[in-house]
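What follows is each chain in one-letter form.
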Amino acid sequence: MTSPTRRITLCAVTAALVAGAAGCADIDGSVPRTTKQGAAATKRNAPAEAPESAVRLIGDGSTAYTGVQPHVSVPHRLKPGQKPPQFVVFSWDGAGEDSQKLFSHFRAVGKKYDATMTYFLSGVYMLPGAKKEQYDPPQHVAGSSDIGFNDAEGIRDTVTQLRGAWLDGNEIGTHFNGHFCGPDGGVGTWSVPEWKSEITQAKAMVKHWRTNTGLTGLPPLPFDYDKELAGGRSPCLEGQHNLLSAAREMGFRYDASGNGLQVWPKRREGVWDIPLQEVPVPGRAFETLSMDYNFMFNQSRTVHGDPAMYTYWGDQMRDGLLKAFDRSYNGNRAPLIMGNHFESWNGGTYMRAVEQTIAAVCTRPEVRCVPFKQLVNWLEAQDPKTVGKLQGLAVGEAPKEGWAAYLSPQPSGAAPGRGVKKQG
């Protein structure tokens, strides 16, 4: 039985939540500064709506309600004829902090370039190996996982990064748990009830990491995971059909498990279907999905390819993503969706490519590098007729008559505007 919800002061908990805080933190999670410049920065970074004046610990204290998430923009409906912004979503599968320190590295990259992202957490990264039997995966024996479990140090480091990521304005989604792929018990064979079990267990691992690890001295994650969790990406992009039904019943707002094209997303079974996208591979006569794994597979088919090719392969991925960005930015303005892993495949060349892409696109005018949840918030804030028009534009297609005419209300009986194909 879980302990009752407790209330303690915001000052005491938030100061503990911020790594390295020397004293009490302001309500946006930033450490107070004594200079005028620092005070101004704190004011600029404060959330639009201040959180409540107390933190509520949830269950065993692994998570807590700490108010409105800092550094999250409020979506605004487009005015008639207004050009949509260019959304770019960088996402990470199986997010966890290990000896490579890539989670913390890309948090710093995001802050440098004003980019917030989605971190899809694998639940088993919050469960120590000694407690692995608590995980009862569908169609597999209890305690099984194709990606293993974590240890106390790994969980401690991952919790620290998850806490900081959320306070930075990033999203914590799910990559589910055991990462089972293929025809023999893989997620593509799971039923709707089995997916619901997997989601329930993913939540439980996050909500009880303190009990499972004994790391009771660490501050809680600063969010209610039942409310924070809005979507995920399935292992190997398999099993989306039944996952969508389960996700809808479990309160998900989107799913990122599909594969598609650079067009505006649509709802499927009441859930926003926001897939990875086919993007150019410079120098090759085909396109591939916008994920580091897919570039790696098409280049070397191994994570330890020819070192002489590392630079070329990373440049090829970066340049392909930039071509994809230009195709949307100058065309239909469809959100550019990218997925990656915290891995040093082929000498870390794909991590370099992602970082260079972030630096190149997130600094452009009218670009918003945001998590999936913020993209969904924006889509749901729009006039459905406007979203319908955006969804009608093909890859690289910009309105022939211009955005102002295309997204302006049509006179009664007028035919809708038509686009013109832009070369990508």
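What this report covers is the structure whose coordinates are included nearby. Bear in mind the structure is a predicted one, so any value in this text is a computation, not a measurement. (Residues numbered from 1 in each chain as written. Predicted model: local features only at pLDDT ≥ 70, side-chain atom pairs only at ≥ 80, totals over all residues. Heavy atoms only, no water.)

Details of the overall build of the protein
- Within the protein one finds 14 helices and 17 strands.
- With 424 residues in all, the protein has 54% of them scored as buried.
- A separation threshold of at least 6 residues defines the contact pool for the protein, and within that pool the share at least 24 residues apart is 71%.
- A total of about 18100 Å² of accessible surface is found on the protein, and carbon and sulfur atoms cover 52% of it. (Helix = DSSP H or I, 4+ residues; strand = E, 2+ residues; numbered from the N terminus. Buried < 20%, exposed > 50% of the residue type's maximum accessible area, 1.4 Å probe, protein only. Contact = heavy atoms within 4.5 Å. Areas by Shrake-Rupley, 256 points an atom, 1.4 Å probe, with all protein chains shown as cover.)

Section: the state of the cysteines
- This model, assessed by the stated rule, comprises two disulfides.
- Disulfide partner of C181: C236, at an S-S distance of 2.0 Å. Every disulfide takes its handedness from the sign of the S-S torsion; for C181 and C236 that torsion is 85°, giving right-handed. Taken together, the positions of C181 in the loop between strand 6 (171–174) and helix 5 (192–207) and C236 in the loop between strand 7 (231–232) and helix 8 (240–249) put the pair 55 residues apart, joining distant regions of the chain.
- With a sulfur-sulfur separation of 2.0 Å, C362 is cross-linked through a disulfide to C369. Measuring handedness by torsion sign, the sulfur bridge of C362 and C369 sits at about -100° and is left-handed. (Disulfide = S-S within 2.5 Å.)

Structural notes on empty space enclosed by the protein
- Taken as a whole and assessed by the stated rule, the structure comprises two cavities of 30 Å³ or more.
- Empty space within the largest cavity amounts to approximately 70 Å³.
- Around the largest cavity, the lining residues are S73, V74, P75, F87, R368, V370, Q374, N377 and W378.
- Counting residues per element, the lining of the largest cavity draws most heavily on helix 12 (residues 372–381), at three residues.
- Looking at the lining of the largest cavity, its residues break down into five nonpolar, three polar and one charged. (1 Å grid on protein atoms, 1.4 Å probe; cavity = no way out; pocket = protein on both sides within 12 Å on 5 of 7 lines; lining within 4 Å. Points joined across faces, edges and corners; volume = space filled by probe spheres on them. Nonpolar A, V, L, I, M, F, W, Y, C, P; charged D, E, K, R; others polar.)

A look at the side chain of T174
- Along the chain, T174 falls in strand 6.
- Judged by its relative accessible area of 2%, T174 falls in the buried class.
- One polar contact links the side chain of T174 to the main-chain amide nitrogen of F176, over a distance of 2.8 Å.
- Filtering out sequence-adjacent residues up to four positions away, T174 remains in contact with F120, L121, A202, Y225, L229, G231, G232, R233 and F252. (Polar contact = N/O pair within 3.5 Å; in protein donor to acceptor, adjacent residues only side chain to side chain.)

Notes on the packing of helix 10 (residues 310–329) against helix 11 (residues 349–361)
- Remark: helix 10 packs on helix 11, axes separated minimally by 8 Å, with the N-to-C direction vectors making an angle of 35°. For the element pair helix 10 and helix 11, the recorded crossing hand is right-handed. Judged by residue contacts, Y310, T311, W313, G314, D315, M317, R318, L321, L322 and F325 of helix 10 engage T349, Y350, R352, A353, V354, Q356, T357, A360 and V361 from helix 11.
- Considering only residue class, the contact of helix 10 with helix 11 consists of eleven nonpolar, five polar and three charged. (Axes fitted to C-alpha atoms, helices over the stretch in contact; angles between N-to-C directions. Left-handed = near helix turned anticlockwise from the far one by under 90°.)

Without other data, these values stay purely geometric and don't point to any function.
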